[in-house]
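Each chain is listed here by its residues.
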2 protein chains.
Amino acid sequence: MKVKVVSHILEANDRIAAENRKLFKESGIYVINLMSAPGAGKTSLIEKTIQELASKVKMGVIEGDIAGSDDARRIANLHIPVVQINTGGACHLDANMISEVLDALPLKELDLLIIENVGNLVCPAEFKVGEDIKVMLLSIAEGDDKPLKYPLMFEESSALVLNKMDLLPYTNANIEKIRKNSLSLNPKLKIFEVSCRTGEGMGKWVKWLQSLIK
Amino acid sequence: MKVKVVSHILEANDRIAAENRKLFKESGIYVINLMSAPGAGKTSLIEKTIQELASKVKMGVIEGDIAGSDDARRIANLHIPVVQINTGGACHLDANMISEVLDALPLKELDLLIIENVGNLVCPAEFKVGEDIKVMLLSIAEGDDKPLKYPLMFEESSALVLNKMDLLPYTNANIEKIRKNSLSLNPKLKIFEVSCRTGEGMGKWVKWLQSLIK
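In this report, we go over the structure that sits alongside the text.

What counts, and where the lines are drawn
- Residues numbered from 1 in each chain as written.
- Chains lettered and ligands numbered in written order.
- Predicted model: local features only at pLDDT ≥ 70, side-chain atom pairs only at ≥ 80, totals over all residues.
- Heavy atoms only, no water.
- Helix = DSSP H or I, 4+ residues; strand = E, 2+ residues; numbered from the N terminus.
- Rg over C-alpha atoms; globule rule 2.2 N^0.38 Å.
- Buried < 20%, exposed > 50% of the residue type's maximum accessible area, 1.4 Å probe, protein only.
- Contact = heavy atoms within 4.5 Å.
- Areas by Shrake-Rupley, 256 points an atom, 1.4 Å probe, with all protein chains shown as cover.
- Lys, Arg positive; Asp, Glu negative; His and termini not counted.
- Charge placed at Lys NZ, Arg CZ, Asp CG, Glu CD.
- Pairing = 2+ DSSP bridges.
- Core = buried A, V, L, I, M, F, W, Y, C linked by side-chain atoms within 4.5 Å.
- Least-squares fit on C-alpha atoms with pLDDT ≥ 70 in both.
- Disulfide = S-S within 2.5 Å.
- Axes fitted to C-alpha atoms, helices over the stretch in contact; angles between N-to-C directions.
- Buried area = accessible area lost by both parts, 1.4 Å probe.
- Salt bridge = Lys/Arg side-chain N within 4 Å of Asp/Glu carboxyl O.
- Polar contact = N/O pair within 3.5 Å; in protein donor to acceptor, adjacent residues only side chain to side chain.
- Nonpolar A, V, L, I, M, F, W, Y, C, P; charged D, E, K, R; others polar.

1. Examining the overall build of chain A
Helix and strand counts for chain A come out as eight helices and seven strands. The C-alpha radius of gyration computed for chain A amounts to 17 Å, which stays within 12% of the reference 17 Å derived for 214 residues, consistent with globular compactness. Along the first, second and third principal axes, the C-alpha set of chain A runs to 50 × 45 × 35 Å. Burial statistics for chain A: of 214 residues in total, 58% are counted as buried. Long-range contacts, defined as pairs at least 24 residues apart, comprise 73% of the intrachain contacts of chain A with a sequence gap of at least 6. Total accessible area computed for chain A in this model is approximately 9,100 Å², and 52% of it derives from carbon and sulfur atoms. Computed over 27 positive and 28 negative side-chain charges, the inter-centroid distance for chain A is 4 Å.

2. Things to note about the pairing of strand β5 (residues 133–139) of chain A
Residues and elements named next belong to chain A. Of all seven residues in β5, seven are buried; the element is thus mostly enclosed. The alternating pattern of β5 places Ile133, Val135, Leu137 and Ser139 on one face and Lys134, Met136 and Leu138 on the opposite face, and all of these are buried. One ladder, built from four bridges, connects strand β1 (residues 30–35) with β5; its direction is parallel. Residue pairing for β5: Ile32 is matched across the bridge by Ile133. The sheet contact formed by β5 and strand β6 (residues 159–163) spans five bridges and is parallel. Across the sheet, residue Met136 finds its bridge partner in β6, namely Leu160.

3. A word on the nonpolar core
Here is a general trend for soluble globular proteins: nonpolar side chains tend to be buried in one another's company. Counting 49 residues, the largest nonpolar core has Leu160 and Leu162 of chain A together with Leu160 and Leu162 of chain B as its most contacted members. Only β5, α6 (151–156), β6 and α7 (175–185) of chain A together with β5 (133–139), α6 (151–156), β6 (159–163) and α7 (175–185) of chain B provide two or more residues apiece to this core. For Leu162 of chain A, the residues in contact, after removing those within four places along its chain, are Leu138, Ile140, Ile175, Ile178, Ile191, Phe192, Glu193 and Val194 of chain A.

4. Comments concerning the relation of the copies chain A and chain B
When chain A is fitted to chain B, the residual RMSD is 0.0 Å, and the transformation amounts to a turn of 180° plus an axial shift of 0.0 Å. Such a combination of turn and shift is consistent with a two-fold rotation axis. Here 100% of the interface residues in chain A have copies in chain B that are interface residues too; the copies meet face to matching face.

5. A short note on the state of the cysteines
Enumeration according to the criterion identifies zero disulfides over all chains in this entry. Distance from the sulfur of Cys91 of chain B, which forms no disulfide, to the nearest cysteine sulfur (Cys123 of chain A) is 3.3 Å. Assessed through its relative accessible area of 8%, Cys91 of chain B is described here as buried.

6. Here we look at the sheet that holds strand β2 (residues 59–65) of chain A
Residue and element names in this part refer to chain A. Read from one edge of the open sheet, seven strands run β3-β2-β4-β1-β5-β6-β7, paired in parallel fashion. Two strands close off the open sheet at either side, each with one partner strand: β3 (82–86) and β7 (190–193). Each adjacent strand pair in this sheet contributes to an overall mean axis angle of 20°, direction not counted. Sitting on the sheet, helix α2 (residues 42–53) is in contact with β1, β2, β4 (112–116), β5 and β6, with an inclination near 175° to β2. Each of β1, β4, β5, β6 and β7 is contacted by helix α8 (residues 202–212), which is oriented at about 145° to β7, the strand it contacts most.

7. Here we look at the sheet that holds strand β1 (residues 30–35) of chain B
All names here are of chain B. The parallel open sheet is built from seven strands, whose spatial order is β3-β2-β4-β1-β5-β6-β7. Here the strands that pair on one side only, and so sit at the sheet edges, are β3 (82–86) and β7 (190–193). When the angles between neighbouring strand axes are averaged without regard to direction, this sheet yields 20°. Bridging between β6 and β7 involves four bridges; their strand directions are parallel. Across the sheet, the residue bridging to Leu162 is Glu193, located in β7. Set on the sheet, helix α2 (residues 42–53) makes contact with β1, β2 (59–65), β4 (112–116), β5 and β6; between it and β2 the angle comes to about 175°. Packing against the sheet, α7 makes contact with β5, β6 and β7, and its axis sits at approximately 160° to β7.

8. Regarding the interface of chain A and chain B
Each side of the interface is counted separately: chain A has 36 residues, and chain B has 37 residues. If you sort the residues of chain A by the area they bury against chain B, Pro38, Lys149 and Tyr170 of chain A come out on top, with a joint share of 21%. Applying the counting rule to chain A against chain B returns two salt bridges. Between Asp71 of chain A and Lys149 of chain B there is a salt bridge whose closest N-O contact spans 2.8 Å. Where chain A packs against chain B, one counts 10 residue pairs in polar contact (both at pLDDT 80 or more). Residue assignment for the side of chain A that touches chain B shows that the elements contributing at least two residues are α1 (2–26), α3 (70–76) and α5 (146–149) of chain A. Broken down by class, the residue content of the side of chain A that touches chain B amounts to 17 nonpolar, six polar and 13 charged.

This is the structure:
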């Protein structure tokens, strides 16, 4: 019974996600669903990406949070179109939430839309929102045991951005273990090592991102 | 319709949680539901607590993970009764999952049971499992903006353990901001500053824990 309900919700979500995707394609916009645990640095990655790319690529952002609008204010300070969604308790964005805010963005003027999901390493991976690809962040301060404990997000993502590399000397995290276990779940996963704080590694990430956008 | 289903699930969960609670009380066991985002250090806190307390307090542990049994092995290495629950995708423990594994623990011999929830700063706070209190961990590497973005867990918890204090000099996190915003959500919240890596601050935490157990 419980399973049935969940499956209906997922089917309805997939239908709306397909509609969003169609609208994005018609508008010529590439869409990334950015996911991570709380505090891994999603907003910081978006800020750094804007600083590197905004002169070449027209970007927009949708911010998803349970409550608050701090993240949207951070993006708006960089003069990028942004909408904040407050899920009011829900632990992930779904396709309908995205559909409802699209009117607030100048879609036809944008090349790249980054959708920052709610900070959660589990549920966001289950709900398509109409994206071209999913990208996940992992802070190396979270430890090296995450791939095998939260496999779905690693399996669903096209790229894994390992953030806070500047903290590596002060942790016990083993980057090779993260790489090996992530690739065992998803052999095609692109892995980037960055520090949004120091700017380390941003070049490769931004170059890859540019290669995706026509 | 969606809301109705959720409310039925929560009502059924609360009923089973109350049964668990009754069983815990009859067995004279104090139960903590330990929650945090992935990688904040729940298992490390349990390990350190066992090292400090196991000679005085008979402890047992239930480990909740989507997949894997690394955490249970870490606890078993310390010769403490432990059961691993794999939720197989579900992003939180519920009362029924706990009910189903209680036979595997020597409840009448235990004084303290720590239930380590799935790493998730959102959903675990919604589901009682039969605990006396909820305790949450926050890694200071997650930043200082979490209380206002994930308010429910801060509101539901009796104590907040700020972990990885040894990383503070290498982050931008403002401890006073975390304290102020946490207490604005929950004025009775007890706050502990610790580093499970260095052992800093464990004394106060363990002393408080002991004061809860008759």
